[in-house]
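# Report on the structure
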Amino acid sequence: MEQIQIIDSKNHVGETVKIGAWIANKRSSGKIAFLQLRDGTAYFQGIVVKSEVPEEVFQLAKSLTQETSVWITGEIREDSRSKFGYEIGVTGIEVIGESHDYPITPKEHGTDFLMDHRHLWLRSSRQHAIMQIRNEIIRATYEFFNNNNFVKIDPPILTASTAEGTTDLFETNYFDQKAYLSQSGQLYMEAAALAFGKVFSFGPTFRAEKSKTRRHLIEFWMIEPEMAFMHQEESLEVQEQYVAFLVQSVLDNCDHALDVLERDREVLKKYTQLPFPRISYDEAVELLKKNGFDDIEWGDDFGSPHETFIANSFDRPVFILNYPKAIKAFYMKPHPTRDDVVICADMIAPEGYGEIIGGSERAIDHDYLLEQIRNHNLDEKEYSWYLDLRRYGSVPHSGFGLGLERTVTWLAGIEHVREASPFPRLLNRIYP
Ligand code: 4AD
């Protein structure tokens, strides 16, 4: 007898098969037991008919408790009533691991309780759907960059030089030296771009931010492409093409997950239309002021209500261009005619999901960068290697970073970024 996974049911209609599964739920009448079966690939129903199986099999089916693991044997049949389309007519059940008093019942639970049980909560159909969308975004990311001649390069995680300022660093001992967990691989990716042309990284990054918002994680995954011989305008085109490709991939390959999450496909479809609108930081401040935001002045960074208002003025992701130099990182290219702004852009997702991409064209002048490093009180010695990139064949180059979990949160249409990570690290949480 062949052992199959639920997702492959369509290829085994009429066959008797064996499936390893868990009991997600169960209901029974006097004559039939309906087992909601889950094997990690999909959910479907196992039907146990009293008159068609030995009495002990029917009694066992009726006694199964939530999350008991079982070997199920039976015949795969079409089931036109369920969206999945298939079910199994059960003939045999063998219990593998019992499960008593499973803590996560079908009733409502509070967030803290669920977070304490994240290792079990992951088994629910909603979490399954979110992780499928995450998996699709990861898969599509590799497809997009591989199709476009990018080379995947892995920057270090233990670093001595930092890209995004020194306020939110995780410090650790590196023998008799200080080291930090990477906040961004960017500086190393710039070195890689000057070696390989177009590169991307995809790895964990860490920020000791004391932010307790629905958009902030302490540990998150970032995709950081870096492109030699590219100015900002070309980089923006790569960014919008990449994001539209992610949206289309989720639409094409996450049908079931989108159903479970009740995500409106028509809304998502709009996000595949290019180009995405662009407004300058100056225009964004004007827009906010005209609409009653008295708490913003030119020079301030945007908070989440500001980003949400700007995003709601468009029906697609929007780029905000050229922020004040004083609130941005040291490595950004200065504007050719203004010394108060830099050549950068943030992509703000619609529907209040906030910034999903931060990027810029990089400063390429050695002396300007050295001055910036000094102005930002960074340790010059640690950036000597970075300045080498401007000493030996410096070229225009641009890059950006997309936050994986924020993108998952947005495309899945969920409330909080914590559900977009299997084991989120939050300000007050490192368990489980
Ligand atoms: O805007 P950020 O800080 O940009 C950089 O790190 C650049 N060095 C990237 C580059 O040019 N190579 O972060 C980029 C993205 C944000 O837009 C956001 O999506 C995500 O990373 N991000 C976070 N996601 C979750 N929790 C946090 N605390 C995040 N901080 C940034």
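Residues numbered from 1 in each chain as written. Predicted model: local features only at pLDDT ≥ 70, side-chain atom pairs only at ≥ 80, totals over all residues. Heavy atoms only, no water.

- Per an unreviewed UniProt entry, the chain carries the name Asparagine--tRNA ligase and comes from Enterococcus ureasiticus.
- Quoted verbatim from the Subcellular location (unreviewed entry) field of the UniProt record, the comment on the chain reads "Cytoplasm". (UniProt positions renumbered as here; feature names shortened; annotations may be inferred.)

## Quick notes on the environment of A228
- Residue position: A228 is located in strand β12 (residues 219-228).
- When the C-alpha atoms of A228 and Q36 are compared, they prove to be 53 Å apart, with 192 residues separating the residues in sequence.
- When residues no more than four places from it in sequence are discounted, the contact partners of A228 are A193, G197, V395, P396 and H397. (Helix = DSSP H or I, 4+ residues; strand = E, 2+ residues; numbered from the N terminus. Contact = heavy atoms within 4.5 Å.)

## Quick notes on the sheet that holds strand β16 (residues 354-361)
- If you trace the eight strands from one edge of the open sheet to the other, you get β7-β11-β12-β17-β16-β15-β14-β13, paired in mixed fashion. Both edges of this open sheet fall to β7 (151-152) and β13 (278-280), since each of them pairs with a single strand only.
- Summarising the sheet, β13 and strand β14 (residues 318-321) pair through three bridges and their orientation is parallel. By the bridge assignment, S280 is partnered in β14 with L321.
- Across the sheet, helix α9 (residues 281-290) is in contact with β13 and β14; its angle to β13 comes to roughly 85°. (Pairing = 2+ DSSP bridges. Axes fitted to C-alpha atoms, helices over the stretch in contact; angles between N-to-C directions.)

## Some words on helix α5 (residues 186-196)
- Residues Q186, L187, M189, E190, A192 and A193 constitute the buried set of α5.
- Those residues of α5 that are buried lie in contact with β11 (198-206), β12, α12 (384-391) and β17 (397-403).
- Downstream of α5 by a residue or two, G197 has a phi angle that is positive, lying close to 90°. (Buried < 20%, exposed > 50% of the residue type's maximum accessible area, 1.4 Å probe, protein only.)

## Here's the deal with α9
- Those residues of α9 that sit buried are Y281, A284, V285 and L288. Here the buried residues of α9 occupy an arc of 100° about the axis, which is enough to place them on one side.
- Residues of α9 that are buried in the fold lie against β13, α10 (304-312) and β14.
- Directly beyond the C-terminal end of α9, a positive phi value near 90° is found at G292. (Arc of directions from axis to C-beta.)

## Regarding the packing of aromatic side chains
- Enumeration over the complete set of coordinates arrives at 24 aromatic pairs.
- Arranged with centres 5.9 Å apart and planes meeting at 65°, the rings of F302 and Y323 form a pair that is edge-to-face. Note that F302 is positioned in the loop between α9 and α10 and Y323 in the loop between β14 and β15 (344-349), a separation of 21 residues in sequence. Accessibility classification places F302 together with Y323 in one group, the buried group.
- Judged by centre distance (5.6 Å) and plane angle (80°), the ring pair of F330 and Y383 falls under edge-to-face. Pair noted here: F330 is in the loop between β14 and β15 and Y383 is in the loop between α11 (366-375) and α12, with a separation of 53 residues, a long-range link. When sorted by exposure, F330 lands in the same class as Y383, which is buried.
- In this structure an aromatic cluster arises from ring pairing among Y142, F144, F145, F150, F200, F202, W221, Y242, F245 and F400. (Phe/Tyr/Trp six-rings, centres within 6.5 Å; stacked < 30°, edge-to-face > 60°.)

## Considering the environment of H397
- Relative to the elements of secondary structure, H397 occurs in strand β17.
- A residue is classified by how much of its surface remains accessible, and H397, at 1% relative accessible area, is buried.
- Once the C-alpha coordinates of H397 and E361 are considered, the two residues, 36 residues apart in sequence, prove to be 6.0 Å apart.
- A polar side-chain atom of H397 sits 2.7 Å from a polar atom in the side chain of E190.
- Polar side-chain contacts of H397 include one of 2.8 Å to the backbone oxygen of V395. (Polar contact = N/O pair within 3.5 Å; in protein donor to acceptor, adjacent residues only side chain to side chain.)

## Focus on the sheet that holds strand β10 (residues 177-181)
- Overall, antiparallel pairing links the three strands, which are arranged β8-β10-β9 in an open sheet. Where the open sheet ends on each side, the last strands, each with one partner, are β8 (158-159) and β9 (171-174).
- The pairing of β9 with β10 spans four bridges and is classified as antiparallel. Bridge pairing in β10 places N173 opposite K178.

## Here's the deal with the UniProt feature "domain: Aminoacyl-transfer RNA synthetases class-II family profile" (unreviewed entry) in the chain
- As recorded in UniProt, the feature "domain: Aminoacyl-transfer RNA synthetases class-II family profile" (unreviewed entry) lies at residues 133-432.
- In this annotation, residues 133-432 is assigned 35% helix and 20% strand; the end-to-end C-alpha distance for the span is 22 Å.

## Remarks on a negative patch on the surface
- Together, D294, D295, D300 and D301 make up a negatively charged patch on the protein surface.
- Following the sequence through the fold, D295 ends up in the loop between α9 and α10. (Patch = residues over 30% accessible without salt bridge, like charges linked within 9 Å, V, L, I, M, F, W, Y side chains within 5 Å. Areas by Shrake-Rupley, 256 points an atom, 1.4 Å probe, with all protein chains shown as cover. Salt bridge = Lys/Arg side-chain N within 4 Å of Asp/Glu carboxyl O. Lys, Arg positive; Asp, Glu negative; His and termini not counted. Charge placed at Lys NZ, Arg CZ, Asp CG, Glu CD.)

## Topic: the nonpolar core
- One finds I133 and W410 to be the most contacted residues of the largest nonpolar core, which totals 46 residues.
- What W410 contacts, discounting residues up to four positions off in sequence, is V243, V247, R263, Y271, P317, A349, P350, E351, Y353 and I356.
- One finds L288, I320, L370 and L378 within the second-largest nonpolar core, a separate group that totals 32 residues. (Core = buried A, V, L, I, M, F, W, Y, C linked by side-chain atoms within 4.5 Å.)

## Regarding the domain arrangement of the chain
- Domain assignment breaks the chain into domain 1 (2-97) and domain 2 (118-420).
- Taking the mean C-alpha position of each, domain 1 and domain 2 sit 45 Å from one another.
- Across the contact, eight residues belong to domain 1 and seven residues belong to domain 2.
- At the boundary of domain 1 with domain 2, total buried surface from both sides reaches about 550 Å², with 38% on carbon and sulfur atoms.
- Our count for the contact surface shared by domain 1 and domain 2 stands at two salt bridges.
- D259 serves as the salt-bridge partner of K83, at 2.5 Å between the closest nitrogen and oxygen.
- On the surface where domain 1 and domain 2 come into contact, there are five residue pairs in polar contact (both at pLDDT 80 or more). (Domains from an automatic or database assignment. Buried area = accessible area lost by both parts, 1.4 Å probe.)

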